[in-house]
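Residues per chain are reported as follows:
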Amino acid sequence: MDENCVPYQRKALYLLLTIPMIVLYVVIGIFLWQISRVYLAIYGVLFILVVFLQSYVCVYWQCPYVGRFAPCVGGFCLPSSQIARLFKNVKRSERIYNFVVSLAYIAFFGIILFPMYFIFQRSVGYLLIYIGIVLVYAVGFMGYICPVCATRHVCPGGQTSTKLRKMVFGK
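Residues numbered from 1 in each chain as written. Predicted model: local features only at pLDDT ≥ 70, side-chain atom pairs only at ≥ 80, totals over all residues. Heavy atoms only, no water.

Overview of helix α1 (residues 11-35)
The condition that has to hold: Think of it this way: any DSSP run of H or I at least four residues long counts as a helix, any run of E at least two long counts as a strand, and we number them from the N terminus. By definition here, a helix of n residues has an expected span of 1.5 Å times n minus one. The reported bend at a residue is simply the angle between two axes, fitted to the 7 residues ending at it and to the 7 residues beginning with it. In what follows, a contact means two residues having at least one pair of non-hydrogen atoms within 4.5 Å.
Over its 25 residues, α1 runs 35 Å from end to end, which matches the ideal 36 Å to within 8%, given 1.5 Å per residue. Of all the bends found along α1, the most pronounced is centred on T18 and spans about 25°, while P20, a proline, follows it within four residues. In the core, the buried residues of α1 are packed alongside α2 (37-60), α3 (77-83), α4 (94-122) and α5 (124-145).

Okay, here's the thing in structure tokens:
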């Protein structure tokens with residue numbers, strides 16, 4: 001890990017990018033609640049899964065942000081890094097890690113993909129706006145947050161960001 005990155009140096013930029021996503025999650029939650037409380041419950045369970053599964057991933061990576069401000073995608077590490085303190089002494093296993101990280105990615109993409117059908121039902125325009133917001137967030141995150149994160153060498157997003165930067169900028 002790159003201990004020189006602790007504490008995270010771009011906290012304000014991270015928050016500038018992530019707070020609108022958190023607001024978007026809340027708006028979608030309200031929207032889903034209006035359609036069906038079951039859909040809202042499914043959406044909520046996906047968040048809970050990501051937060052707890054990401055906690056194990058933080059411990060497995062020996063993330064230096066555990067218990068501190070952590071800059072992971074979508075704002076999930078804000079609670080995950082705190083919860084990870086509870087798992088610090090848990091036995092780490094590559095097999096468990098592979099299962100947990102896979103399930104975390106499925107739940108994370110579920111958070112993005114699950115509401116798309118309902119948004120589409122409401123309006124194609126809203127769906128395009130939603131997709132646009134998600135893409136702008138992803139590009140901003142990969143371009144500005146990942147490059148200075150201490151876990152960029154083990155995180156799949158960080159590795160992708162690093163490869164893309166080398167391809168685009170040759171660095």
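Having seen the model, we can carry on.
Brief notes about unusual backbone geometry
Phi at Q62 takes a positive value of approximately 55°, unusual for a residue other than glycine. Relative to the helices and strands, Q62 is located in the loop between α2 and α3.

Some words on the packing of aromatic side chains
So the rule is basically this: Centres within 6.5 Å are what make two rings of Phe, Tyr or Trp a pair, Trp counting through its six-membered ring; a difference in plane orientation under 30 degrees is then read as stacked, over 60 as edge-to-face, and the rest as tilted. When a residue's accessible area, from a 1.4 Å probe over protein chains only, is under 20% of the maximum for its type it is buried; when over 50% it is exposed; and in between it is partly exposed.
Under the definition given, this model contains 18 aromatic pairs. Centre to centre, the rings of Y39 and F118 are 4.5 Å apart; their planes meet at 40°, and the pair counts as tilted. Of the two residues, Y39 sits in helix α2 while F118 sits in helix α4, which places them 79 residues apart along the sequence. Ring centres of Y105 and F109 lie 6.2 Å apart, and the angle between their planes is 25°; on these two criteria the pair is classed as stacked. Taken as a pair, Y105 and F109 lie in helix α4 at a separation of four residues, close to a single helical turn. A residue is classified by how much of its surface remains accessible, and Y105, at 31% relative accessible area, is partly exposed. In this structure an aromatic cluster arises from ring pairing among Y25, Y43, F47, F76, Y105, F108 and F109.

Concerning α4
With 29 residues, α4 ought to run about 42 Å at 1.5 Å a step, and its terminal C-alpha atoms sit 43 Å apart, in line with that. Bending of α4 peaks at approximately 35° at the position of G110.

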